[in-house]
Amino acid sequence: MTTLADIFQLHGAEYLAQYGNSMSTHQKKAIRDILTCRTPHLGGHTWFCEHCRQFHYSYHSCKNRSCPQCQNDQAENWLNHQSDNLMPVEYFLATFTIPEDLKILFRKYPRLSYHQLFHSSTDSLKKLALDKRFIGGKIGMIGVLHTWTRQLTFHPHIHFIIPGIALSEQNQKIRFSKEGFLVRVELLSMIFKAKFRDAVMKNDLEHLVPNHVWRQDWVVHLKSVGNGQAALTYLAPYLYRIAISNANILKCTDRSVTFRYKDSSSGQTKLLTLPALEFIRRYLHHVLPKGFQKVRYFGFLHPKNKTLLNTLRLLLHCNIYSDKTKGAQPFVFKCPDCGREMILIDKTIRQRAPPLSVLLTEYRKVSIAC
C-alpha cells in the first residue's frame, strides 16, 4: 500500500527545494512528523510474549492531526459524547462558504482568516437568533471547520449543528424554533458578508480582496436535520480525519500520484491522477496552523456553560451525564501472533530527528536505491 509518507520520501526533497521558502513552519512540521511517525526517531517500546517466546517492537505515533496514521479513535469518542447530549428538539445544519476570490487571503493569512470565518458566521447566527421574528433568544451551536473537497482542492467552509431551542436574554424563558425554520438565510448571508468585510478592513487586508466580492451573494445553506444524529454522524469523521487517507492512495510514481475519491453528485468512486508536486501542494493547503481549534462550541453548548446546559436538559426531561471519567487504564500491548498480553521489557525515548531537508534527502537516496 502506498502511503503519504512514501510520497514525501520520493518527492518531498524536490518540493522543498522549489517551494520551501513559501512553506509555513506548520506545513514543514507536518511533513517531518509524517516521515518519522512510528519509526525509531520517535522512540518506542520493546515487548516480550512469554507464550510465543518472541520480542515485539512498537514505535510511538507522531500524533500530528495531519498524519493519516494517527487520530483514528477520537472521532468515534466525540460522536458518542455528542450523541449522549442530544436534546429532544429539532436540529439545524448551517454551512458558511467563502467566495472563490477570497481563497488567496486564506492561503496567505490562514490563522487570521479562519478565526474571522468563525467569528463572522457565529456572530451572524447569534444576531438573527435574538430577533423575535425568528427564535428570539440565545442559541447554542457546534462549529466544525472543513477545508477540502474530495479532490483535495482548497474549499474553506464551516458547518454548524444548532439545536432549535434558545434562552431569552435574561435566561428566564425557553424558546423553540418554528418547525423546519430557524432564521432567514438571505439575511444570514448578508450579515455574514458584512461582518467578514468589516474584519478585512480592520486588519488592512482589503487590497487582497477584489471589489466585486463584496457585491456578489455569499453562499450560506441552512436546513433542518431532524433529531441531529445524522448531522453529527456526517461531521464526526471531519473532526480528526485529514484530507486523504492512506487507504485511498493507490499509486505513486516518479512523476504522479493516483488516488480514489467518491464523487459527491453521482456517489460513484473515481480515480484522479495528479503531478506529484501538485498533490503535495493540495495536501499542504489543509494543514492547519499550530494550535488552531477546528471544532468550537458556542452559547449554552460552550464547555463553560455546563450549568446552563444542564438546566436546559432538566427542563426538557433529558438525562444529565457526568463529566467525570474513569482513570486511564495502563496500556498493555497484546501479541500480534497469539493475542496474549505481553511484558514490557524496555522503553526508548524520542530522538532528535535531523532537519527536514536532510531527512528528505536521506529518504530520497533510499527510494532511488530501492
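These numbers were taken from a predicted model, which means no experiment stands behind them. (Residues numbered from 1 in each chain as written. Predicted model: local features only at pLDDT ≥ 70, side-chain atom pairs only at ≥ 80, totals over all residues. Heavy atoms only, no water.)

## Quick notes on the sheet that holds strand S2 (residues 54–59)
Sheets are built from strands paired through backbone hydrogen bonds, the pairs being either parallel or antiparallel. As a reminder of what qualifies: Criterion used throughout: strands pair if DSSP finds at least two bridges between them. Numbering of helices and strands starts at the N terminus; helices are DSSP runs of H or I of at least 4 residues and strands are runs of E of at least 2. Interaxial angles span 0 to 180 degrees and are taken between N-to-C directions of axes, which are lines fitted to C-alpha atoms, for helices over the stretch in contact.
Within the open sheet, the three strands sit side by side as S2-S1-S13. Their pairing is antiparallel. Looking at strand neighbours, the two that pair on one side only are S2 and strand S13 (343–348), the edges of this open sheet. Averaged over all pairs of adjacent strands, the angle between their axes in this sheet comes to 25 degrees, without regard to strand direction. In the sheet, strand S1 (residues 44–49) pairs with S2 via six bridges, with the strands oriented antiparallel. Paired with Trp47 across the strands is His56, a residue of S2.

## Let's talk about unusual backbone geometry
Most of the time, phi is negative for any residue but glycine, and the peptide bond is trans. Formally: Each residue is assigned to one of three classes by its accessible area relative to the maximum for its type, calculated with a 1.4 Å probe on protein chains only: buried under 20%, partly exposed between the two thresholds, exposed over 50%.
The phi dihedral of Lys63 falls on the positive side, at around 65 degrees, and the residue is not glycine. Tracing the backbone shows Lys63 in the loop between S2 and helix H3 (74–84). Taking relative accessible area as the criterion, Lys63 reaches 67% and is therefore assigned exposed.

## Here's the deal with the pattern of salt bridges
Short version of the rule: In what follows, salt bridge is the name for a side-chain nitrogen of Lys or Arg lying within 4 Å of a carboxyl oxygen of Asp or Glu.
Across all of its chains, the model carries seven salt bridges by this definition. The partner of Asp131 in a salt bridge is Arg133, and the shortest N-O contact between them spans 2.8 Å. Judged by its relative accessible area of 22%, Asp131 falls in the partly exposed class. Several salt bridges converge on common partners, so that one network encompasses Glu278, Arg281 and Arg282.

## Overview of helix H7 (residues 229–240)
Stated formally: Should any heavy atoms of two residues lie within 4.5 Å, those residues are considered in contact.
Buried within H7 are the following residues: Ala231, Leu232, Leu235, Ala236, Tyr238 and Leu239. Residues of H7 that are buried make contact with H3, strand S3 (91–97), strand S4 (141–148), strand S5 (154–163) and strand S12 (295–298).

## Here we look at the pairing of S5
Within S5, nine of the 10 residues are buried, which leaves the element mostly enclosed by the surrounding structure. Two elements, S3 and S5, share seven bridges in a ladder whose sense is antiparallel. Counted as the bridge partner of Ala94 is Phe160 from S5. Note that S4 and S5 share six bridges and pair antiparallel. In the strand pairing of S5, His146 is matched with His157.

## Remarks on the pairing of S1
In terms of residue burial, S1 counts as a mostly covered element, since six of its six residues are buried. Once S1 ends, the chain turns through four residues before running back antiparallel as S2, passing Arg53 with a positive phi of about 60 degrees. Relative to S13, S1 is paired through five bridges, and the arrangement is antiparallel. Following the sheet pairing, Gly44 is matched in S13 by Thr348.

## Thoughts on the nonpolar core
Within soluble globular proteins, side chains that are nonpolar generally end up buried alongside one another. Worth spelling out the cut-off: Think of a nonpolar core as a cluster: buried Ala, Val, Leu, Ile, Met, Phe, Trp, Tyr and Cys residues, connected wherever their side-chain atoms sit within 4.5 Å.
Of all hydrophobic cores here, the largest spans 63 residues; its most connected members are Leu4, Met87 and Phe279. Not counting residues within four places of it along the chain, the set of residues in contact with Met87 comprises Pro163, Ile165, Phe300, Leu309, Arg313, Leu316 and Cys318. Formed by 41 residues, the second largest nonpolar core is a distinct cluster that contains Phe96, Ile158, Ile191 and Leu205.

## Focus on the confidence of the model for the chain
As a reminder, the rule being used: Each residue carries a pLDDT score, the predictor's own confidence in it, on a scale running from 0 to 100.
Mean pLDDT for the chain: 89, with 93% of residues reaching 70 or above. Segment residues 324–328: pLDDT under 50, and zero contacts once partners within four positions in sequence are set aside and those in other chains are kept.

## Quick notes on the environment of Glu169
Relative to the helices and strands, Glu169 is located in the loop between strand S6 (165–167) and strand S7 (174–176). A relative accessible area of 57% places Glu169 in the exposed class. Measuring from C-alpha to C-alpha, the distance between Glu169 and Lys103 comes to 37 Å, with 66 residues separating the pair along the chain. Leaving out residues up to four positions away in the same chain, Glu169 has contacts with Leu130 and Lys138.

## What to know about the state of the cysteines
Our working definition: The term disulfide is used for any two cysteine sulfur atoms that are within 2.5 Å.
Scanning the model with the defined rule gives zero disulfides in all. Left without a disulfide partner, Cys338 is nearest to the cysteine sulfur of Cys49, which lies 3.6 Å away.

## Some thoughts on the packing of aromatic side chains
We apply this condition: Two aromatic rings, drawn from Phe, Tyr or Trp (for Trp, its six-membered ring), form a pair once their centres lie within 6.5 Å of each other, and the interplanar angle then sorts them: stacked below 30 degrees, edge-to-face above 60, tilted otherwise. For a lysine, the NZ atom is tested; for an arginine, the CZ atom; a charge sits over a ring if that atom is within 6 Å of the ring centre and within 35 degrees of the ring normal.
Taken as a whole, this structure holds 20 aromatic pairs when the rule is applied. Ring centres of Phe48 and Phe55 lie 4.9 Å apart, and the angle between their planes is 50 degrees; on these two criteria the pair is classed as tilted. Phe48 sits in the buried class, given a relative accessible area of 13%. Relative to Phe160, the ring of Phe96 lies with its centre 5.7 Å away and its plane at 90 degrees, an arrangement referred to as edge-to-face. In this pair, Phe96 sits in strand S3 while Phe160 sits in strand S5, placing the two residues 64 residues apart along the sequence. Accessibility expressed as a relative area gives 0% for Phe160, which makes it buried. Here Arg296 stacks its cationic end above the ring of Phe292, 4.7 Å away from the centre of that ring.

## Brief notes about the sheet that holds strand S10 (residues 256–262)
Across the sheet, three strands lie side by side as S9-S10-S11; this open sheet has antiparallel pairing. Edge positions in the sheet fall to strand S9 (249–252) and strand S11 (269–275), since each of these pairs with one other strand and no more. If you compare each strand with its neighbour and ignore which way they point, the axes differ by 20 degrees on average. Direction of pairing for S10 relative to S11: antiparallel, over a ladder of seven bridges.

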